[in-house]
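Take a look at the letters that make up each chain.
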Amino acid sequence: MKSMRTTEGFTLHMQWIEQFVREAEQALELENTKTTAQTVLFYAGMHVQIEKQQAAASQVHQLKGDPQACPGQTETISDWLLAPEEEVVRAALEITVEAFHPLLKLSLQTVIEDEESLLSIEERTYIHSYASRYISQIKEKVNRFGTYWLH
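In this text, all values refer to a predicted model and were calculated from it rather than measured experimentally. (Residues numbered from 1 in each chain as written. Predicted model: local features only at pLDDT ≥ 70, side-chain atom pairs only at ≥ 80, totals over all residues. Heavy atoms only, no water.)

## Quick look at the overall build of the chain
Piece 1. Along its length, the chain carries five helices and zero strands.
Piece 2. Along the chain, from the amino end to the carboxyl end, the secondary structure elements read α-α-α-α-α.
Piece 3. Buried positions account for 34% of the 151 residues belonging to the chain.
Piece 4. Long-range contacts, defined as pairs at least 24 residues apart, comprise 73% of the intrachain contacts of the chain with a sequence gap of at least 6.
Piece 5. Put simply, the chain shows about 9,600 Å² of open surface, and 53% of that area lies on carbon and sulfur atoms. (Helix = DSSP H or I, 4+ residues; strand = E, 2+ residues; numbered from the N terminus. Buried < 20%, exposed > 50% of the residue type's maximum accessible area, 1.4 Å probe, protein only. Contact = heavy atoms within 4.5 Å. Areas by Shrake-Rupley, 256 points an atom, 1.4 Å probe, with all protein chains shown as cover.)

## Thoughts on the nonpolar core
Piece 1. In terms of nonpolar packing, the biggest core is built from 29 residues, with Phe42, Tyr43, Leu104 and Tyr134 touching the most fellow members.
Piece 2. Elements that contribute at least two residues to this core include exactly helix 1 (7–30), helix 2 (33–65), helix 3 (85–95), helix 4 (101–113) and helix 5 (121–150).
Piece 3. No other element matches helix 2, which puts eight residues into this core. (Core = buried A, V, L, I, M, F, W, Y, C linked by side-chain atoms within 4.5 Å.)

## A short note on the packing of helix 3 against helix 4
Piece 1. The geometry of helix 3 relative to helix 4 is characterised by a closest axis approach of 10 Å and an angle of 175 degrees between their N-to-C directions. Here helix 3 lies roughly antiparallel to helix 4, going by the angle between them. Between helix 3 and helix 4, the residues in contact are Glu85, Glu86, Val89, Ala92 and Leu93 and His101, Leu104, Lys105, Leu108, Val111 and Ile112, respectively. (Axes fitted to C-alpha atoms, helices over the stretch in contact; angles between N-to-C directions. Parallel < 35°, antiparallel > 145°, perpendicular 65-115°, else oblique.)

## Quick word on the packing of aromatic side chains
Piece 1. Considering all chains together, one arrives at three aromatic pairs under this definition.
Piece 2. Taken together, a centroid distance of 5.6 Å and an interplanar angle of 90 degrees make the contact between phenylalanine 42 and tyrosine 43 edge-to-face.
Piece 3. Judged by relative accessible area, tyrosine 43 falls into the buried class, the value being 3%.
Piece 4. Positioned above the aromatic ring of tyrosine 130, the side-chain terminus of arginine 133 is 4.7 Å from the ring centre. (Phe/Tyr/Trp six-rings, centres within 6.5 Å; stacked < 30°, edge-to-face > 60°. Lys NZ or Arg CZ within 6 Å of the ring centre and 35° of its normal.)

## Notes on helix 4
Piece 1. For helix 4, built from 13 residues, the straight-helix expectation of 18 Å at 1.5 Å per residue is met to within 8% by its first-to-last C-alpha distance of 18 Å.
Piece 2. Within the span of helix 4, buried status applies to His101, Leu103, Leu104, Leu106, Ser107, Leu108, Thr110 and Val111. (Expected span 1.5 Å × (residues − 1).)

## Thoughts on the environment of isoleucine 135
Piece 1. Along the chain, isoleucine 135 falls in helix 5.
Piece 2. Here isoleucine 135 falls in the buried class, since its relative accessible area comes to 5%.
Piece 3. It is 9.8 Å that separates the C-alpha atoms of isoleucine 135 and leucine 41, two residues lying 94 residues apart in sequence.

## What about the environment of serine 129?
Piece 1. Mapped onto the secondary structure, serine 129 falls in helix 5.
Piece 2. By relative accessible area, which is 32% here, serine 129 ends up partly exposed.
Piece 3. A C-alpha to C-alpha distance of 9.5 Å links serine 129 and leucine 103, two positions 26 residues apart in sequence.
Piece 4. Of the polar contacts made by the side chain of serine 129, one reaches the backbone oxygen of threonine 125; its length is 2.8 Å. (Polar contact = N/O pair within 3.5 Å; in protein donor to acceptor, adjacent residues only side chain to side chain.)

## A closer look at the confidence of the model for the chain
Piece 1. Averaged over every residue, the pLDDT of the chain is 76; residues scoring 70 or more account for 64%.
Piece 2. Within the chain, the element-level pLDDT minimum falls on helix 1, averaging 64, and the maximum on helix 3, averaging 95.
Piece 3. This model gives residues 1–5 a pLDDT under 50, and the stretch forms nine contacts once residues within four places in sequence are excluded.
Piece 4. Note that residues 65–77 has pLDDT below 50 and, in this model, 10 contacts with residues that lie over four places away or in other chains. (pLDDT = per-residue confidence, 0-100.)

So, in structure tokens, the structure goes:
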């Protein structure tokens, strides 16, 4: 079962994502720290979303082969792109390599405090330095999952 809620809903969702990505890439170029932090959290949500979808698809495949394979597992898949930032970061920390943990935490702090000026120059530089690497890594995962999902 490879369908989202509806084809129209999926298309609208993808258009929204593509628009956000375009705007986010512009923010990275302009070095707006808060927007960059929001972009990092958006990609973290996307990362959690695809990991949860892959796990659910794997579970459905296992259940088809053996009805007793995963008894009692009824986790619902929520929309991680719209989840609260704190929950996204908590879930992302569990599936993200440790090298990016400080980026996720600092991005969350930047978005929550809503005051970019509270960041030191080093923290701002850190966000901008690692955001592109993190985003590139997540884009690769999304592309791999998209290829899997569409075929």
